[in-house]
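Spelled out from the first residue to the last, the chains are:
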Amino acid sequence: PIYSPFDETLFIDSDCLVVRKLDPFWTAFRSNDFGACGRRTLRAGEKDEFMDVDRLLAHFELSGLPKFNGGIYYFKKNAGAAAVFEMARSLIDRAGELGFRTFRGGGLADEALYSVAKALHKIPLTDMAPGGMWTPLNASSPLVIDTVRGECHFAKAGEPVKPEIMHFT
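Residues numbered from 1 in each chain as written. Predicted model: local features only at pLDDT ≥ 70, side-chain atom pairs only at ≥ 80, totals over all residues. Heavy atoms only, no water.

### As for the packing of aromatic side chains
Logical step 1: For the structure on display, the rule yields 13 aromatic pairs.
Logical step 2: Judged by centre distance (5.9 Å) and plane angle (80 degrees), the rings of Phe 85 and Tyr 114 are edge-to-face. Of this pair, Phe 85 sits in helix 3 (residues 79–92) while Tyr 114 sits in helix 5 (residues 110–120); the two residues are 29 residues apart in sequence, bridging distant segments of the chain.
Logical step 3: The exposure class assigned to Phe 85 is buried, which follows from its relative accessible area of 8%.
Logical step 4: Site record: aromatic cluster; members linked through ring pairs are Tyr 3, Phe 11, Phe 34, Phe 68, Tyr 73, Phe 75, Phe 85 and Tyr 114. (Phe/Tyr/Trp six-rings, centres within 6.5 Å; stacked < 30°, edge-to-face > 60°. Helix = DSSP H or I, 4+ residues; strand = E, 2+ residues; numbered from the N terminus. Buried < 20%, exposed > 50% of the residue type's maximum accessible area, 1.4 Å probe, protein only.)

Here it is, written out as structure tokens:
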């Protein structure tokens, strides 16, 4: 299947607001076939609302699963990205057996499926902090956002962030 007609795609979720130029994303993801922003890895004993971490780690003999918010995805039109998409799709039919949970009473969370696919393909997350994409959920300071001036900043867990893309959920 063709996931995008373009050689490189930066998918931006509909509840995102682009605040500044997106050049940092193209630079950060240049060497990736399939990218997502983040820096956290779930390890054995940790909990996640969208998947049974311990069951997935044991089943696939993994040491960790990338944890990220899927407000943006970068992917190339190549075999590497297609393999990630195909792996994620193949997990859907085995969701119950593997320990995936439904998202907001509907289908499965794409982040959980892509997390396992990225781990199996040994694709790390891309840490763009303090830039990149952030959500103000659980912010530890007020959100300042002015798209005309290209300003956006707030603190997450006490860390100042300045996202190019603000993701609202």
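### Description of the environment of Ala 88
Logical step 1: Counting through the fold element by element, Ala 88 comes out in helix 3.
Logical step 2: Look at Ala 88 and you get buried, because its relative accessible area is 4%.
Logical step 3: Between the C-alpha atoms of Ala 88 and Ala 117, which are 29 residues apart in sequence, the distance is 5.5 Å.
Logical step 4: Those residues in contact with Ala 88 that lie beyond four places of it in its chain are Leu 113, Tyr 114 and Ala 117. (Contact = heavy atoms within 4.5 Å.)

### Describing unusual backbone geometry
Logical step 1: Cis geometry is adopted by the peptide bond preceding Pro 130, which originates at Ala 129 and carries an omega value of 5 degrees.
Logical step 2: Its place among the elements puts Pro 130 in the loop between helix 5 and strand 7 (133–134).
Logical step 3: With a phi angle near 55 degrees, Glu 61 is a residue other than glycine that sits in the positive phi range.
Logical step 4: Examined against the element boundaries, Glu 61 turns out to sit in the loop between helix 2 (53–60) and strand 5 (65–67).
Logical step 5: Judged by relative accessible area, which is 73%, Glu 61 ranks as exposed.
Logical step 6: Despite not being glycine, Lys 122 has its phi angle at roughly 55 degrees, a positive value.
Logical step 7: Mapped onto the fold, Lys 122 is located in the loop between helix 5 and strand 7.

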